[in-house]
Amino acid sequence: LIENSFLSSTLQPIWYDCVLAGHLYKRCSDSNKWLLRWFRLYQNLLFYYDTEQSAKPTGVIFLEGCYCERLITPSGSGQAGGNKQGKEGEEKVVSFSIMYRRENQRQYELRADTISECKAWIDAIKMASFNKLLLQKEELEQKHLHLLQVVESEKTAKWQYTRHCEDLTVEIKKLREELFTLKKEWRLLPQKQSFGPNSRRPSEADEDEEEE
């Protein structure tokens with residue numbers, strides 16, 4: 001039996017966050033009878049109900065550490081073995097088992113309607129491991145941390161580049177101001193006459209004449 005406290009905490013996620021849901025035949029543990037049940041796969045738990053409309057599951061299969069394999073059709077089935085053996089062979093094609101390493105732990109046999117449904121359930125159950133989810137979580141966290149480091153490095157590089165551009169802008173502004181000041185001072189200076197190598201310098205007599 002499933003405890004009510006457990007159901008109350010998982011009922012909503014089972015309905016809305018289940019990985020896979022659908023009808024499967026479940027073999028009874030005390031007989032070879034197959035019972036049609038509605039199954040919902042949630043994390044590493046496989047719930048089964050009497051009907052699709054049932055609010056409370058009748059049982060749950062814990063999938064952590066399990067092995068899920070399809071039951072292979074025996075060779076020669078459906079040929080010389082008669083209709084009964086042929087029917088069993090056809091059932092095994094779409095049947096799969098959930099097994100565990102522990103010998104005393106119960107094994108489950110389930111059957112789908114088609115080969116594609118059977119394969120879908122097997123693949124989903126194989127991935128329904130909490131340890132695998134933890135590994136995937138750690139891998140995603142490592143990738144996320146790496147991306148954060150890359151983004152932070154890019155931000156630092158961008159800040160340094162922006163700061164460098166701002167410093168260059170200030171330096172250019174200073175240089176422009178200094179150049180403008182120099183040009184202004186140059187214009188205010190008196191123009192001096194330059195003498196070339198062949199030009200005649202004024203003599204003292206010329207200077208005396210100018211004084212008279």
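Fair warning: this is a prediction, and the values are worked out from it, not measured in the lab.

Caption draft 1: Focus on the overall build of the chain. Scanning the chain for helices and strands turns up five helices and seven strands. When the helices and strands of the chain are listed from N to C terminus, the series reads α-β-β-β-β-β-α-β-β-α-α-α. Looking at the chain as a whole, 24% of its 212 residues are labelled buried. Nonlocal contacts in the chain, meaning residues at least 24 apart in sequence, comprise 48% of its contacts between residues at least 6 apart.

Caption draft 2: Looking closely at the sheet that holds strand 2 (residues 34-42). Across the sheet, which stays open at both edges, the seven strands sit in the order 4-3-2-1-7-6-5 with antiparallel pairing between neighbours. The open sheet terminates on both sides in strands that have one partner only, identified here as strand 4 (59-62) and strand 5 (67-70). Geometrically, the sheet is characterised by an average inter-axis angle of 35 degrees between neighbouring strands, direction not taken into account. With four bridges connecting them, strand 5 and strand 6 (residues 95-99) associate as antiparallel partners.

Caption draft 3: Region of interest: the confidence of the model for the chain. Residues of the chain with pLDDT of at least 70 account for 70%, and the chain-wide mean is 78. Long-range and interchain partners of residues 73-82, a stretch whose pLDDT sits below 50, account for ten contacts in this model, where long-range means more than four residues apart.

Caption draft 4: Region of the structure containing the environment of glutamine 53. Looking at the secondary structure, you find glutamine 53 in the loop between strand 3 (45-49) and strand 4. In this structure the C-alpha to C-alpha distance between glutamine 53 and tryptophan 38, which are 15 residues apart in sequence, comes to 8.9 Å.

Caption draft 5: Highlighting unusual backbone geometry. Even without being a glycine, glutamine 43 presents a positive backbone phi close to 55 degrees. Mapped onto the elements, glutamine 43 comes out in the loop between strand 2 and strand 3.

Caption draft 6: The arrangement of the packing of aromatic side chains in detail. Per the counting criterion, the structure on display carries two aromatic pairs. Each ring, one from phenylalanine 39 and one from tyrosine 48, has its centre 5.6 Å from the other, and the planes form 40 degrees; the classification is tilted. For phenylalanine 39, a relative accessible area of 0% corresponds to the buried category. What makes tyrosine 48 buried here is its relative accessible area of 12%. Taking the centre distance of 6.5 Å and the plane angle of 75 degrees together, the rings of phenylalanine 39 and tryptophan 121 count as edge-to-face. Separated by 82 residues along the polypeptide, phenylalanine 39 in strand 2 and tryptophan 121 in helix 3 (residues 115-127) bring together distant segments of the chain. An aromatic cluster of at least three residues, connected via ring pairs, comprises Phe39, Tyr48 and Trp121. In this structure, arginine 111 is placed above the aromatic ring of tyrosine 25, and the distance from its NZ or CZ to the ring centre is 4.3 Å. Across the ring face of tryptophan 34, the terminal group of arginine 111 is positioned such that the distance to the ring centre comes to 4.8 Å.

Conventions and cut-offs
- Throughout, a residue's number is its position along its own chain's written sequence, starting from 1.
- Given that the model is predicted, a residue must reach a pLDDT of at least 70 before its local features are reported, and side-chain atom pairs must reach 80 or more before they are shown or counted; all residues, however, enter totals for whole chains, interfaces and linings.
- Processing note: side-chain calculations cover all non-hydrogen atoms of the structure and skip hydrogens and water entirely.
- Helix and strand assignments follow DSSP, with helices taken as H or I runs no shorter than four residues and strands as E runs no shorter than two, numbered in order from the N terminus.
- Exposure classes here rest on a 1.4 Å probe applied to the protein chains alone. A residue is buried below 20% of its type maximum, exposed above 50%, and partly exposed in between.
- Two residues qualify as a contact provided that any one of their heavy atoms is within 4.5 Å of a heavy atom in the partner residue.
- Here, any two strands with at least 2 DSSP bridges between them count as paired.
- Comment: axis = line fitted to C-alpha atoms, over the contacting stretch for helices; angle = value between 0 and 180 degrees taken between N-to-C directions.
- The predictor rates its confidence in each residue with pLDDT, a number between 0 and 100.
- The criterion for an aromatic pair is that two Phe, Tyr or Trp rings (for Trp, the six-membered ring) have centres within 6.5 Å, with stacked assigned to planes under 30 degrees apart, edge-to-face to planes over 60 apart and tilted to the rest.
- Think of it as a cone above the ring: NZ of Lys or CZ of Arg counts as a charge over the ring if it is within 6 Å of the ring centre and within 35 degrees of the ring normal.

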